Each structure stands twice: as C-alpha cells, then as structure tokens.
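This is what each chain is made of:
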Amino acid sequence: MINATIRIVAIVIWTVCIYGFLGGAFVYRETLPSGLYNLYILTMYKTLPPPPKGPSYCNFLTAGRYAMALPCDLKPPFIGWLQGGKY
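Residues numbered from 1 in each chain as written. Predicted model: local features only at pLDDT ≥ 70, side-chain atom pairs only at ≥ 80, totals over all residues. Heavy atoms only, no water.

Enquirer: Is there a simple way to think about the nonpolar core in this case?
Expert: Most often, soluble globular proteins keep nonpolar side chains buried together rather than apart. Ala-25, Val-27, Tyr-45, Leu-48, Tyr-57, Ala-67 and Ala-69 form the largest nonpolar core, which has 7 residues in total. Residue assignment for this core shows that the elements contributing at least two residues are strand 1 (25–31) and strand 4 (66–71). (Core = buried A, V, L, I, M, F, W, Y, C linked by side-chain atoms within 4.5 Å. Buried < 20%, exposed > 50% of the residue type's maximum accessible area, 1.4 Å probe, protein only. Helix = DSSP H or I, 4+ residues; strand = E, 2+ residues; numbered from the N terminus.)

In structure tokens:
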C-alpha cells in the first residue's frame, strides 16, 4: 500500500515537472469591477518577456477562474533561449 502511494506521488510530481519544462502554465483569471480581467500565469520560466516578444499562452483546459495553458505555437520557451532569445 505504501509503495503504491509513493509511486502515485512520484508520477504526479514528475508529470507536473515535465509539463512545466515543456512550457506548460497554470493560469488564474481575476475579473475586475470594470469588466476587464487580470491574468496571472505561473510557469517554471520566471524571466520570460511578455508577448509579442515572448511566447503567448493559449488555454487548453479551463475550470472557472483556473486554467492550464501551453505556448500557442507549442514551442517550449527553452528553445527560444537556446536560439538567443528568439521566441
């Protein structure tokens, strides 16, 4: 029983890590009183420039205010860093 629990926890942790390494993001949307909204994007890459210079993110799974997103061009951000900052 303990071994199965450890394996499940390890699989979940590795899945989140690989998702983040490939450019995946966790998104939170806060609706403002004016009708506009703030978008908070949590990625593993903390120094990414915002679009259009940096990658833009497209949600692929949304649940209310929360979403999971990937770069719209499906190119992981580390590829842009390897190419000298060309996202």
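Enquirer: Which parts of the structure should I look at to understand helix 1 (residues 2–21)?
Expert: Structurally, the α-helix is built with 3.6 residues per turn, so residues lying three or four positions apart point the same way. Spanning 20 residues, helix 1 covers 29 Å between terminal C-alpha atoms, matching the ideal 28 Å at 1.5 Å per step. Positive phi shows up at Gly-23, right after helix 1, with a value of about 100°. (Expected span 1.5 Å × (residues − 1).)

Enquirer: Help me understand the pairing of strand 1, please; the structure alone is not making it clear to me.
Expert: Here 4 bridges tie strand 1 to strand 4, and the two strands are oriented antiparallel to one another. When the sheet's bridge partners are listed, Tyr-28 is paired in strand 4 with Tyr-66. The sheet contact formed by strand 1 and strand 2 (residues 37–42) spans 6 bridges and is antiparallel. Its bridge partner lying in strand 2, Glu-30 is registered against Asn-38. (Pairing = 2+ DSSP bridges.)

Enquirer: What am I meant to see in unusual backbone geometry here?
Expert: Negative phi characterises most residues that are not glycine, and trans characterises most peptide bonds. The phi angle at Leu-74 is positive, at roughly 60°, despite the residue not being glycine. Positionally, Leu-74 belongs in the loop between strand 4 and helix 2 (77–82).

Enquirer: In this structure, what is going on with a nonpolar patch on the surface? I would like to understand it.
Expert: Together, Ile-8, Val-12, Val-16, Phe-26 and Leu-42 make up a nonpolar patch on the protein surface, roughly 460 Å² of accessible area in all. For the nonpolar patch, the element with the highest residue contribution is helix 1, accounting for 3 residues. Note that Val-12 resides in helix 1. Residue classification places Val-12 among the partly exposed residues on the basis of a relative accessible area of 47%. (Patch = residues over 30% accessible without salt bridge, like charges linked within 9 Å, V, L, I, M, F, W, Y side chains within 5 Å. Areas by Shrake-Rupley, 256 points an atom, 1.4 Å probe, with all protein chains shown as cover. Salt bridge = Lys/Arg side-chain N within 4 Å of Asp/Glu carboxyl O.)

Enquirer: I'm lost on the state of the cysteines in this one. Help?
Expert: Note on terminology: disulfide describes a covalent bond linking the sulfur atoms of two cysteines. Counted under the stated rule, the structure contains 1 disulfide. Linked covalently through their sulfurs, Cys-58 and Cys-72 form a disulfide whose S-S length is 1.8 Å. On the sign convention where negative is left-handed, the bridge of Cys-58 and Cys-72, at about 100° about the S-S bond, is right-handed. One end of the pair, Cys-58, is in strand 3 (residues 57–63); the other, Cys-72, is in the loop between strand 4 and helix 2, and 14 residues separate them in sequence. Residue Cys-72 is classed as partly exposed on the basis of its relative accessible area of 37%. (Disulfide = S-S within 2.5 Å.)

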